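Listed below, chain by chain, are the residues.
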Amino acid sequence: MLHTVNKSPFERNALDACLARAAKGSAILLYEDAVYAALASTRFAGRMTQAASEHEVYVLVNDLQARGVKDAPLVDGIKTVDYTGFVELVAHMGTATAWL
């Protein structure tokens, strides 16, 4: 299953809810303001390192770029995807759940 999160972890608990309920081995995609959780310099880095050890974690590079953080270091294990990669993830995983 693909879990998508689009809300900033600094403003909402959607990411926490996702991480608490996502089955091991599922994939997580961070997009829109959720991309901030992928940055190695935030207080979420430890939590995201743990998440990347249990799940495939992706971040939408277009949203990193739109927020001016495309070149900032990401948490180890988090992979970037573009819009085509996003579509491929949805097609590959078959089922998607959006955490709002």
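Up top is the structure.
A. The arrangement of the overall build of the chain in detail. A count of helices and strands for the chain gives four helices and five strands. Order of helices (α) and strands (β) in the chain, N terminus to C terminus: β-α-β-α-β-α-β-α-β. The principal-axis extent of the C-alpha atoms belonging to the chain is close to 30 × 30 × 25 Å. Per-residue burial for the chain yields a buried fraction of 44% across its 100 residues. Partitioning the intrachain contacts of the chain with sequence separation of at least 6 by distance along the chain shows that 70% fall at a separation of at least 24. Counting only carbon and sulfur atoms, one obtains 48% of the accessible surface of the chain, whose full area is about 5,300 Å². The positive charge centre, built from 9 side chains, and the negative charge centre, built from 11, are 6 Å apart in the chain.

B. Expanded view of the packing of aromatic side chains. Per the stated rule, a full pass over the model turns up two aromatic pairs. With 4.9 Å between their ring centres and 85° between their planes, Phe10 and Phe44 make a pair best called edge-to-face. Here Phe10 is found in the loop between β1 (2-5) and α1 (14-21), whereas its partner Phe44 is found in the loop between β2 (27-30) and α2 (45-54), with 34 residues between them in sequence. Its relative accessible area of 42% is what places Phe10 among the partly exposed residues. Centroid distance Tyr31 to Phe86: 5.8 Å. Interplanar angle 50°. Geometry classified as tilted. Here Phe86 lies in helix α4 (residues 83-93) and Tyr31 lies in the loop between β2 and α2, a separation of 55 residues in the sequence.

C. Quick peek at the sheet that holds strand β4 (residues 78-81). Spatial ordering of the open sheet is given by β4-β3-β2-β1-β5, a layout of five strands whose pairing is parallel. Both outer strands of the open sheet, β4 and β5 (96-99), are each paired with one neighbouring strand and no more. Adjacent strand axes in the sheet meet at a mean angle of 25° when their direction is disregarded. Here β2 pairs with strand β3 (residues 56-60) via four bridges, running parallel. Paired with Ala27 across the strands is Glu56, a residue of β3. Those strands touched by α4 are β1, β2, β3 and β4, and its axis lies near 140° from that of β1.

D. Spatial organisation of α2. Buried residues of α2: Ala45, Met48, Ala51 and Ala52, and no others. In an axial view of α2, the angular spread of the buried residues amounts to 120°, which keeps them on one side of the axis. Turned more than 90 degrees away from the buried face of α2 sit Gly46 and Ser53, all of them exposed. Packing partners of the buried residues in α2 comprise α1, β2, β3 and β4.

Definitions and cut-offs
Residues numbered from 1 in each chain as written. Predicted model: local features only at pLDDT ≥ 70, side-chain atom pairs only at ≥ 80, totals over all residues. Heavy atoms only, no water. Helix = DSSP H or I, 4+ residues; strand = E, 2+ residues; numbered from the N terminus. Buried < 20%, exposed > 50% of the residue type's maximum accessible area, 1.4 Å probe, protein only. Contact = heavy atoms within 4.5 Å. Areas by Shrake-Rupley, 256 points an atom, 1.4 Å probe, with all protein chains shown as cover. Lys, Arg positive; Asp, Glu negative; His and termini not counted. Charge placed at Lys NZ, Arg CZ, Asp CG, Glu CD. Phe/Tyr/Trp six-rings, centres within 6.5 Å; stacked < 30°, edge-to-face > 60°. Pairing = 2+ DSSP bridges. Axes fitted to C-alpha atoms, helices over the stretch in contact; angles between N-to-C directions. Arc of directions from axis to C-beta.

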